[in-house]
Amino acid sequence: QVQLVESGGGLVQAGGSLRLSCAASGRTVSRCTMGWFRQAPGKEREFVARVHWSGSLISYADSVRGRFTISRDNAKNTVYLQMNSLKPEDTAVYYCAADASSYSSNKQSYDYWGQGTQVTVSS
């Protein structure tokens, strides 16, 4: 089993930055694809970014490419999402997720989820 705990959310003005962290535990977590998703009120959870367990493959949603950076430190069992140039439309609960069997942007492919951390971007 894998346990994920997000942190680092908060309130920030448009144009500002936040760094989210996801602390992961579990025997096999180091071989999981790690993803960030977000969900705004009334909307479906959507893909934001993912990184392969090897760290060699990284993908972003078009809406965040160039502004967000995903990274992982397997030695610390932690994945990060650096968010720059934040926009009001980035406001959402951000979730960390782990996929034990694939490298996917589909939320249905992910096996484990954190509880989420709120990111609010004011205009």
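A brief structural summary. (Residues numbered from 1 in each chain as written. Predicted model: local features only at pLDDT ≥ 70, side-chain atom pairs only at ≥ 80, totals over all residues. Heavy atoms only, no water.)

Notes on the sheet that holds strand β3 (residues 18–25)
Now for step 1: The sheet built from four strands is open, its strands ordered β1-β3-β8-β7 with antiparallel pairing. Among the strands making up the open sheet, the edge pair consists of β1 (3–7) and β7 (68–73). Each adjacent strand pair in this sheet contributes to an overall mean axis angle of 15 degrees, direction not counted.
Now for step 2: Judged from the five bridges that link them, β1 and β3 form a sheet pairing that is antiparallel. Note on β3: the bridge partner recorded for Ser7 is Ser21. (Pairing = 2+ DSSP bridges. Helix = DSSP H or I, 4+ residues; strand = E, 2+ residues; numbered from the N terminus. Axes fitted to C-alpha atoms, helices over the stretch in contact; angles between N-to-C directions.)

Digging into the nonpolar core
Now for step 1: Core analysis: the biggest nonpolar cluster contains 34 residues, and Met34, Trp36, Leu81, Met83 and Tyr94 have the highest contact counts within it.
Now for step 2: Sorting the residues of this core by element identifies β3, β4 (33–39), β5 (46–51), β7, β8 (78–83), β9 (92–99) and β11 (117–122) as the ones contributing at least two each.
Now for step 3: A total of five residues in this core trace back to one element, the largest contributor, which is β9. (Core = buried A, V, L, I, M, F, W, Y, C linked by side-chain atoms within 4.5 Å. Buried < 20%, exposed > 50% of the residue type's maximum accessible area, 1.4 Å probe, protein only.)

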